[in-house]
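# A structural walkthrough
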Amino acid sequence: MARWWRRRAEPAATSVDVSKEAFTSSEVAEMDAARKASIAKAAALLDDDVEPMEVVQPEPVPTPEYDAGVVEVDALLEEGAAPTADHHDVNVVVHEDLDDLEDPLERALIDGDLPEPVDLE
């Protein structure tokens with residue numbers, strides 16, 4: 001009977017006797033110089049004079065076509081002026097008796113609806 005449970009082989013011990021610095025002194029000096037240069041560039045951007053933005057006037061929007069009436073404010077505020085028209089009930093239909101109305105869904109068609117029942121036998 002073969003034994004399939006085997007002990008894991010332990011990795012060979014690696015000894016690191018020599019410890020190196022991550023960067024050499026010349027690399028550190030280069031990074032320091034690059035950092036100082038980027039800081040100087042950012043400071044120069046912040047110290048520059050800010051140019052004022054040009055003020056652009058918006059284009060006039062034409063009055064909609066339905067608002068064609070020109071009325072002076074004084075004419076609206078006069079005591080004896082004719083009352084303004086009240087159009088809140090325009091296009092309103094009032095049905096006194098609902099029995100005469102036909103059902104709008106009675107003749108409605110459903111897409112895919114067949115005119116007659118289908119017997120699948």
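So, a few notes on the structure that sits alongside this text. These numbers were taken from a predicted model, which means no experiment stands behind them.

Thresholds applied
- Residues numbered from 1 in each chain as written.
- Predicted model: local features only at pLDDT ≥ 70, side-chain atom pairs only at ≥ 80, totals over all residues.
- Heavy atoms only, no water.
- Helix = DSSP H or I, 4+ residues; strand = E, 2+ residues; numbered from the N terminus.
- Buried < 20%, exposed > 50% of the residue type's maximum accessible area, 1.4 Å probe, protein only.
- Areas by Shrake-Rupley, 256 points an atom, 1.4 Å probe, with all protein chains shown as cover.
- Salt bridge = Lys/Arg side-chain N within 4 Å of Asp/Glu carboxyl O.
- Patch = residues over 30% accessible without salt bridge, like charges linked within 9 Å, V, L, I, M, F, W, Y side chains within 5 Å.
- Lys, Arg positive; Asp, Glu negative; His and termini not counted.
- Charge placed at Lys NZ, Arg CZ, Asp CG, Glu CD.

### Comments concerning the overall build of the protein chain
When its secondary structure is counted, the protein chain shows two helices and zero strands. Burial analysis of the protein chain (121 residues in total) assigns 0% to the buried set. Counting every atom, the protein chain has about 13,900 Å² of accessible surface; 56% of that belongs to carbon and sulfur.

### Quick notes on the pattern of salt bridges
Enumeration over the complete set of coordinates arrives at three salt bridges. In this structure, the salt-bridge partner of Glu102 is Arg107, at a minimum N-O distance of 2.3 Å. Residues Glu102 and Arg107 agree in their burial class; the two are exposed. Connected through salt bridges with shared partners, the residues Asp32, Arg35 and Lys36 form a single ionic network.

### Side note on a nonpolar patch on the surface
A surface patch of nonpolar side chains, about 280 Å² in accessible area, is lined by Phe23, Val28 and Met31. Position of Met31 among the secondary structure elements: in helix α1 (residues 25-47).

### What to know about a negative patch on the surface
A cluster of acidic residues, Asp47, Asp48, Asp49 and Glu51, forms a negative patch at the surface. Along the polypeptide, Asp47 turns up in helix α1.

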